[in-house]
Amino acid sequence: MNPGPTTLLPAAGEATTDAAARCLREGGLVAFPTETVYGLGADAGNATAIARLYQAKGRPSFNPLIAHVGDLAAARRIADFNTEAILLAEAFWPGPLTLVLPKASGCAVADLATAGLDTIAVRVPAHPIAREILRVFGGPVVAPSANVSGHVSPTTAEHVRSDLAGRIDLIVDGGAVEVGVESTIVGCFEVPMLLRPGGVPRLDIERVLGRALLQPPPDTAVDSGQPLAPGMLASHYAPRTRVRLDADRLESGEVLLAFGPDRMPGTHASATMNLSERGDLAEAAANLFGYLRALDARGARAIAVMPVPDHGLGEAINDRLRRAAVRQD
Ligand code: TXA
Ligand code: MG
């Protein structure tokens with residue numbers, strides 16, 4: 001099962017894209033950049049490749065995957081779109097939005113990828129390398145974030161390498177990603193539901209729909225036995241170091257994840273990483289996972305986190321921070 005050494009392809013170009021598409025066709029596992037985070041791709045129609053993917057990530061197999069496709073026409077071959085889903089696809093694709101829809105009859109995606117559900121999560125990514133790979137491969141590619149299950153999502157090829165080297169076949173290095181948090185997931189049910197806040201702010205979606213998104217019932221999305229977005233386990237995105245939220249002072253032995261121009265008294269620059277000095281939420285989202293990884297590596301007693309405003313991309317940032325703060329042990 002172990003594919004042996006992982007090849008790192010340093011830059012995108014025709015040769016890289018061809019190699020990635022060939023590897024997917026042969027049932028291989030290919031990590032590639034999307035605009036949100038790096039994904040670990042497998043041929044969505046190949047159940048063996050998908051089984052290897054779950055194994056490489058150490059992912060619970062009840063947790064279904066997002067199918068990535070090149071455009072709306074390709075998405076409509078695997079999922080049934082209602083009117084609101086089409087509105088959202090036209091407004092935000094390609095881009096950081098995932099739609100959960102009924103599986104189309106004859107959908108070519110393996111049941112293993114959807115964990116036996118009769119719905120499927122679909123997204124059209126915007127990153128040029130992801131788009132090229134999808135175009136040359138020519139079919140849906142399932143891709144969870146390219147990290148070991150439960151770890152912080154990767155925003156650089158180096159993050160992917162440190163989690164998955166030796167367990168996957170190929171990493172396409174497209175540099176640091178732009179958005180930095182995963183896609184927003186909307187369940188296109190009778191009343192549309194925000195299953196996961198992410199790269200498209202809730203308000204932008206509500207503006208297009210002309211109505212509010214339902215909030216999943218409190219226990220479903222996060223840590224019940226039957227979550228609506230099954231991956232939203234409370235302890236997802238956990239660094240090894242304890243995370244302390246809403247810090248207004250630094251305790252001894254802690255490192256600081258800061259936000260905004262204000263200095264916290266008594267903190268040393270060397271023990272601080274600032275998500276965005278100028279208080280910009282897009283910049284903070286792009287830095288979030290990389291900084292959590294870097295602070296986690298310091299061996300501190302805890303990572304103290306300054307409050308981040310909850311509007312716009314702040315909703316996704318705070319969601320990930322709350323999950324990082326939950327520990328199962
Ligand atoms: O930005 C992203 O979405 C990244 C990039 C690589 O595209 N992908 C990503 O995938 O975040 P992953 O596997 O880490 O998260 C997918 C989430 C999980 O929480 C999963 O439970 C949920 O989507 N999901 C997938 N299929 C679903 C379905 N049919 N119904 C409800 N939730 C679903
Ligand atoms: Mg993930």
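If you're wondering where the values come from, they're calculated on a predicted model, not measured in any experiment. (Residues numbered from 1 in each chain as written. Chains lettered and ligands numbered in written order. Predicted model: local features only at pLDDT ≥ 70, side-chain atom pairs only at ≥ 80, totals over all residues. Heavy atoms only, no water.)

Once that is clear, we can look at the sheet that holds strand β3 (residues 38-43). Ordered in space as β1-β8-β2-β3-β7-β4-β6-β5-β9-β10, the ten strands form an open sheet in which the pairing is mixed. For this open sheet the edge positions go to β1 (7-9) and β10 (193-196), each flanked by a neighbour on one side alone. Summarising the sheet, strand β2 (residues 30-33) and β3 pair through four bridges and their orientation is antiparallel. Paired with A31 across the bridge in β3 is L40. (Pairing = 2+ DSSP bridges. Helix = DSSP H or I, 4+ residues; strand = E, 2+ residues; numbered from the N terminus.)

Bringing the side chain of S276 into the picture now. If you trace the backbone, S276 turns up in the loop between β13 (272-274) and α9 (281-296). At 2.6 Å, the side chain of S276 forms a polar contact with the side chain of E283. (Polar contact = N/O pair within 3.5 Å; in protein donor to acceptor, adjacent residues only side chain to side chain.)

A separate point is the packing of aromatic side chains. Within this structure, the stated rule accounts for one aromatic pair. With 6.1 Å between their ring centres and 80° between their planes, F81 and W93 make a pair best called edge-to-face. Taken together, the positions of F81 in the loop between α3 (72-76) and α4 (83-92) and W93 in the loop between α4 and β5 (97-102) put the pair twelve residues apart, joining distant regions of the chain. Like W93, F81 is buried. (Phe/Tyr/Trp six-rings, centres within 6.5 Å; stacked < 30°, edge-to-face > 60°. Buried < 20%, exposed > 50% of the residue type's maximum accessible area, 1.4 Å probe, protein only.)

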